[in-house]
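Coordinate analysis (summary)
Spelled out from the first residue to the last, the chains are:
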Amino acid sequence: MQTLDSESKKLYASQNAGTSAIQAGYQLMKQAGHALFEFIKARLATPVAVFVGAGNNGGDGLVLAKHLTDAGIPCTVYGVCNPAKYKNEAQMAYEDFTLAGGKIIPFYKDAPLKQFKLIVDCMLGLGARGELRPEYEKAVIAINQSKVPVIAADVPTGYDSFLHILNVPHINAQETLLFGYPRLDAYTIEGGAAFGKVSVAALDFPEELAQKFSDNTFLANEQIIPELLPPRNEWGDKRKQGCALIIAGSKDMPGAAVLCTKAALRSGTGLVTLASPASATPSLQAKLTEPVFVSLPDSSDGTVQPGNLPILLYKAAQNQAIAIGPGLSCTPAAKEFVLEFLSRIDDQPVVIDADALNSIASEPSILKNIKTPAILTPHTREYERLFGKLPENSSDIPAVLRATAKNTNKVILLKGVPTYIASPDGRIFVVPTANSGLAKGGSGDILTGIIVALLAQGLPTTEAAILGALLHQKAGRITRETMGAYSMLPSDVIRNLYKAFS
């Protein structure tokens with residue numbers, strides 16, 4: 001798992017005066033330029049146009065251009081600034097580039113950009129802020145109008161890494177290569193579309209620099225799934241594989257219980273018990289064959305009742321993990337049951353979702369009475385009903401979630417783009433999800449089912465939330481690749497869950 005830093009380590013050299021610091025900065029620049037060269041070379045798209053600005057981002061582009069030229073790859077370098085503005089590391093890159101015979105062509109409005117197969121944006125990096133100056137604005141407009149695919153170096157020109165907003169105009173990169181570390185900007189609603197597909201090139205930043213900029217926020221991607229998976233007990237029976245209790249569904253919303261239960265069954269747990277109002281049981285049994293059913297006495301509204309508490313506390317004690325909320329409804333009786341049940345369970349970790357969250361919103365102080373480890377899985381509206389309005393800019397959300405997780409002593413999984421997971425110990429994990437095919441009713445019920453299955457198999461709450469989110473998004477990605485975002489359904493995602501575990 002990689003540290004996700006809010007500031008650039010590349011600013012290090014320019015913040016430290018002296019020849020040795022500049023030399024060290026140039027070594028990092030050469031690493032960045034070479035990584036960019038390898039990245040471009042793998043795309044096999046020539047000829048290439050490289051747009052360079054006056055700062056370190058332009059220096060990265062000049063190192064790249066030298067490598068391209070040395071390798072015999074057709075390359076044209078367009079400059080949007082006077083080379084006399086190059087300083088420190090960038091000046092060294094310019095001198096090496098020109099000594100090797102390289103030339104910078106001043107950008108002009110009618111430059112024949114459509115002749116290129118690829119454009120590399122090295123105009124403005126992380127140090128840029130505010131609106132684009134006219135010369136940069138003209139270049140950005142021309143690049144966008146050319147329709148040539150763009151790879152951005154570290155940051156697409158026009159993205160303000162200080163305010164975390166997109167200026168108009170800005171580069172819409174097909175791909176962006178980040179240098180050193182991933183950054184939240186590349187995965188948020190504000191920046192994600194401009195960054196495009198994101199890759200990270202490792203650089204040899206000093207350890208003290210990494211510590212200086214680290215804010216205890218981490219990127220969690222599909223590559224870490226294998227190391228988080230709970231081990232299988234090949235010699236154990238079904239109860240040794242974990243038992244999960246799901247309290248879900250109502251007469252009018254049985255589907256949420258079906259999706260949650262199917263997802264739990266597909267996620268490794270040995271035995272799943274589904275507790276639902278008796279009026280919903282016939283429709284649930286028509287859809288499900290593997291779980292154990294607990295039919296709860298209900299009233300005319302077809303929802304759970306406070307009178308269901310004794311049997312469900314008894315059942316809870318027989319299971320290793322509990323999920324509560326999907327499709328329960330928010331009738332006064334259901335709310336009363338949820339609040340009392342959550343305050344009475346002692347040992348089993350619990351996933352609190354959907355209508356259970358909405359029930360707590362009417363009395364948020366109940367969270368302090370929940371003694372057992374818990375994961376709350378709200379989407380934005382549910383979170384705001386519980387804890388108040390979230391920041392408008394995605395980059396400010398981690399700090400708020402960190403405080404909420406610490407104050408409640410609960411894991412907070414905020415569903416959205418990206419998905420954030422906040423641990424009570426102060427760590428934040430970012431799962432880079434951007435799949436409109438998952439933005440459909442029922443997707444959250446699947447996530448809850450996956451997580452409760454992982455808890456039942458012994459994973460701690462933070463790890464279960466991270467792995468659950470990753471498995472969910474991976475299965476969603478696979479489903480979209482085969483069915484498309486328009487037609488895929490949550491039930492299709494469950495059918496592909498097995499692929500996410502492999």
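First, a word on what this report is: a plain description of the structure on this page. A quick note: this is a predicted structure, and the numbers were derived from the prediction, not measured.

**Side note on the overall build of the chain**
- Along the backbone of the chain there are 18 helices and 20 strands.
- The C-alpha extent of the chain, read off along each of the three principal axes, is 85 × 45 × 45 Å.
- Each of the 502 residues in the chain was classed as buried or not, and the buried ones make up 57%.
- Look at the contacts in the chain between residues 6 or more apart in sequence, and 73% of them connect residues 24 or more apart.
- If you sum the accessible surface of the chain, you get close to 20,800 Å²; carbon and sulfur atoms cover 52% of it.
- Between the averaged position of the 46 positive side-chain charges in the chain and that of its 46 negative side-chain charges there is a distance of 4 Å.

**Let's talk about the pattern of salt bridges**
- Scanning the model with the defined rule gives 11 salt bridges in all.
- One salt bridge connects Arg 183 with Asp 154, and the closest N-O pair in it is separated by 3.2 Å. Here Asp 154 lies in the loop between strand S6 (150–153) and strand S7 (159–160) and Arg 183 lies in the loop between strand S9 (175–179) and helix H5 (192–195), a separation of 29 residues in the sequence. Asp 154 shares its class with Arg 183; the two are buried.
- A salt bridge links Glu 222 to Arg 477, with the nearest nitrogen and oxygen atoms 2.9 Å apart. Here the residue Glu 222 occupies a position in the loop between strand S11 (217–219) and helix H7 (225–228), and Arg 477 occupies one in helix H16 (residues 461–483), the gap between them amounting to 255 residues.
- Given the relative accessible area of 30%, Arg 477 is considered partly exposed.
- Taken together, the shared-partner salt bridges connect Glu 222, Arg 477 and Glu 481 into one network.

**Regarding unusual backbone geometry**
- Here the residue pair Thr 46 and Pro 47 is connected by a cis peptide bond, since its omega of 0 degrees sits within 30 degrees of zero.
- Mapped onto the secondary structure, Pro 47 falls in the loop between helix H1 (19–41) and strand S2 (48–52).
- Unlike most non-glycine residues, Lys 147 shows phi in positive territory, near 65 degrees.
- Within the secondary structure, Lys 147 is located in the loop between helix H4 (134–146) and S6.
- The phi dihedral of His 164 is positive, around 60 degrees, even though this residue is not glycine.
- If you trace the backbone, His 164 turns up in the loop between S7 and strand S8 (165–166).
- Under the relative-accessibility criterion, His 164 is labelled buried at 14%.

**Observations regarding the sheet that holds S9**
- The strand order across the open sheet formed by seven strands is S4-S3-S2-S5-S6-S9-S10, and the pairing between neighbours is parallel. With one partner strand each, in any of the chains shown, strand S4 (104–106) and strand S10 (197–201) form the two edges of the open sheet. With direction set aside, neighbouring strand axes in the sheet form an average angle of 25 degrees.
- Note that S6 and S9 share three bridges and pair parallel. Bridging across to S9, Ile 151 finds its partner in Glu 175.

**Some words on the side chain of Lys 410**
- For Lys 410, the position within the fold is in the loop between helix H14 (397–408) and strand S18 (411–414).
- For the buried Lys 410, no salt bridge is present, and the opposite-charge side chain at shortest range is Asp 346, 12 Å distant.
- Only 3.2 Å separates the side chain of Lys 410 from the backbone oxygen of Leu 367, close enough to count as a polar contact.
- A polar atom in the side chain of Lys 410 sits 3.2 Å from the backbone oxygen of Ile 370.
- Excluding residues within four positions of it along the chain, Lys 410 makes contact with Leu 367, Ile 370, Thr 372, Ala 374, Leu 376, Ala 405, Ala 422 and Pro 424.

**Description of the pairing of S2**
- With five of five residues buried, S2 is to be regarded as a mostly interior element.
- Burial of S2 is two-sided: the residues Val 48, Val 50 and Val 52 facing one way and the residues Ala 49 and Phe 51 facing the other way are all buried.
- Relative to strand S3 (residues 75–79), S2 runs parallel, the two being bridged by five bridges. From the neighbouring strand, Ala 49 faces S3, where its bridge partner is Thr 76.
- Note that the unit made of S2, helix H2 (residues 56–70) and S3 has a crossover that is right-handed.
- Examined bridge by bridge, S2 and strand S5 (residues 118–122) share five bridges and lie parallel to one another. Bridge pairing links Ala 49 to Ile 119 in S5.

**Details of the packing of helix H11 (residues 332–344) against helix H12 (residues 354–361)**
- One can describe the packing of H11 onto H12 by two numbers: an axis separation of 9 Å at closest approach and a directional angle of 90 degrees. With respect to H12, the axis of H11 lies roughly perpendicular. Residues Lys 335, Val 338, Leu 339 and Leu 342 of H11 touch H12, and the partners they reach there are Ala 356, Ser 359 and Ile 360.
- A class-by-class count of the residues in the contact of H11 with H12 yields five nonpolar, one polar and one charged.

How each quantity is defined
- Residues numbered from 1 in each chain as written.
- Predicted model: local features only at pLDDT ≥ 70, side-chain atom pairs only at ≥ 80, totals over all residues.
- Heavy atoms only, no water.
- Helix = DSSP H or I, 4+ residues; strand = E, 2+ residues; numbered from the N terminus.
- Buried < 20%, exposed > 50% of the residue type's maximum accessible area, 1.4 Å probe, protein only.
- Contact = heavy atoms within 4.5 Å.
- Areas by Shrake-Rupley, 256 points an atom, 1.4 Å probe, with all protein chains shown as cover.
- Lys, Arg positive; Asp, Glu negative; His and termini not counted.
- Charge placed at Lys NZ, Arg CZ, Asp CG, Glu CD.
- Salt bridge = Lys/Arg side-chain N within 4 Å of Asp/Glu carboxyl O.
- Pairing = 2+ DSSP bridges.
- Axes fitted to C-alpha atoms, helices over the stretch in contact; angles between N-to-C directions.
- Polar contact = N/O pair within 3.5 Å; in protein donor to acceptor, adjacent residues only side chain to side chain.
- Right-handed = clockwise from strand over helix to strand, strands pointing away.
- Parallel < 35°, antiparallel > 145°, perpendicular 65-115°, else oblique.
- Nonpolar A, V, L, I, M, F, W, Y, C, P; charged D, E, K, R; others polar.

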